[in-house]
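# A closer look at the structure
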Amino acid sequence: MTGAFTERNFFAYFAGSNFKSLFSQDEKDKFRAFGGSVILGSASSVEVVADFRHTHRESYGDANRFGADVRWNLSSKKIMSGFGYHKVSADDAPTKGTLGPLYGWSHGELRAWAMVQKGLLSASLDGIFYNFDDKKNPNLNGQSSIYQVVGSLGYQATTNLKISGDLSYGDDSLFKKQVMGLLRVEYRFTSTSKGGRK
Amino acid sequence: MIRKTILICVAALGIGFLTACALLSPQTSFAPTHPEGVETASRPMCSDCHGTEAMKGGLKTFESFNHTPTFVKNHRFQANQDSGTCASCHAPSFCSDCHGGKVSMASSVKLGDRPDREMPHRGNYLILHRMDGKVDPTGCYKCHGRSNNDKCATCHSQRGVR
């Protein structure tokens, strides 16, 4: 494709309803939400998506989630990378089934990733980081940040067979510091010789 | 009396609309699999190959299926109306990577080699979901809460979440 065009797209969503909470069917909570996103340059090599969403619940109050993601496609998608930041800014709320005390739910989310394909080989790196504003929130077990980094190497053995290995390193208050490895063998079953992949 | 007439009109319109949809539905004229192997590791822009013309037997353009960020975010609209089109390229397993419920492996682990993919959750979600689930449980209900809840329910009852 030659040249690049810029696309502006505004999407708005509004819903108002009575909602029965997922696991407590007896709850009579009112829920409202609206949001939107603006997309710039979705057909060019740089793509920016800015998004916003507001939610309101009678029981827990208001929350706003806003942020943006940037994505680069270089040399016809052989190299891709992305970066994003989102902030959730929410009213203080009690833990489930109690009336108090109130804790902060607000947090930030930072993500960066890259993916490279060269011939039959592919490699990727993906990192995600959360930071919570209120360390005293009992759901955090006293640890205000969570992160995970995943690295992966892959080899496309045949058109239908791909072998890849991942190594991930993370830290959170449930599992503490942990390293995980994964070996992945993917085989695509195809009924036709053309198309129909995936 | 006037009220009744209006009701009948609406009903007639409704039926007419449904028939029109059935007539215009492009599904029957589609090849069962997409004839050209579209490169898999990237979101396709249909208009790169098909141009801007309308699809056979339908009012929609190929362009309207371009896998832009908007399309990916809002694919429920297209998926509901044109599931046949999706199936010409996507096997059910592709959809179930995110919609699964039956698979017990987190999508972010299964697709750990594909950071470019959109994922319902990333990283270790068990802590964060406690906040997300409060902020907007309606979103979760699209994929959870109907079946395959054993894992969720077990921990919730142990921790008194109900």
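Described in the following lines is the structure provided in the data block. Since the model is a prediction, treat every value here as computed from it, not as a measurement.

Rules used throughout
Residues numbered from 1 in each chain as written. Chains lettered and ligands numbered in written order. Predicted model: local features only at pLDDT ≥ 70, side-chain atom pairs only at ≥ 80, totals over all residues. Heavy atoms only, no water. 1 Å grid on protein atoms, 1.4 Å probe; cavity = no way out; pocket = protein on both sides within 12 Å on 5 of 7 lines; lining within 4 Å. Points joined across faces, edges and corners; volume = space filled by probe spheres on them. Helix = DSSP H or I, 4+ residues; strand = E, 2+ residues; numbered from the N terminus. Nonpolar A, V, L, I, M, F, W, Y, C, P; charged D, E, K, R; others polar. Contact = heavy atoms within 4.5 Å. Core = buried A, V, L, I, M, F, W, Y, C linked by side-chain atoms within 4.5 Å. Buried < 20%, exposed > 50% of the residue type's maximum accessible area, 1.4 Å probe, protein only.

## Notes on empty space enclosed by the protein
Applying the stated rule across the entire model yields two cavities of 30 Å³ or more. Computed from the structure, the largest cavity encloses a volume of approximately 100 Å³. Taken together, 13 residues line the largest cavity, and the ones lying closest to its centre are A:Tyr60, A:Ala63, A:Ala90, B:Lys134 and B:Val135. At the level of secondary structure, the elements contributing two or more residues to the lining of the largest cavity comprise strand E3 (46-57) and strand E4 (61-74) of chain A together with helix H8 (125-135) of chain B. Of the residues contributing to the lining of the largest cavity, the split by class is six nonpolar, three polar and four charged.

## Section: the environment of B:Met131
Following the sequence through the fold, B:Met131 ends up in helix H8. Sequence separation of B:Met131 and B:Leu59 is 72 residues, and the distance between their C-alpha atoms is 43 Å. Setting aside its immediate chain neighbours within four residues, B:Met131 contacts A:Trp105, A:His107, A:Phe132, A:Asn137, A:Asn139 and A:Leu140.

## Some thoughts on the nonpolar core
Ranked by size, the top nonpolar core spans 13 residues in total, and within it A:Trp105, A:Tyr130, A:Phe132, A:Leu140, A:Ile146, B:Ile127 and B:Met131 carry the most contacts. For this core, the secondary-structure elements that each account for two or more residues are strand E7 (121-132) of chain A together with H8 of chain B. Once you skip the residues sitting within four places of it in the chain, A:Phe132 turns out to touch A:Ser106, A:His107, A:Leu140, A:Ser144, A:Ile146, B:Leu128 and B:Met131.

## What about the environment of B:Phe65?
Residues and elements named next belong to chain B. Its place among the elements puts Phe65 in the loop between helix H2 (46-50) and helix H3 (69-73). Overall, Phe65 belongs to the buried group, its relative accessible area being 7%. Put simply, Phe65 and Ser47 are 18 residues apart on the chain and 8.5 Å apart in space, counted from C-alpha to C-alpha. When near neighbours in sequence (up to four residues on either side) are disregarded, Phe65 contacts Cys46, Met55, Lys60, Phe71, Gln78, Asp82 and Thr85.

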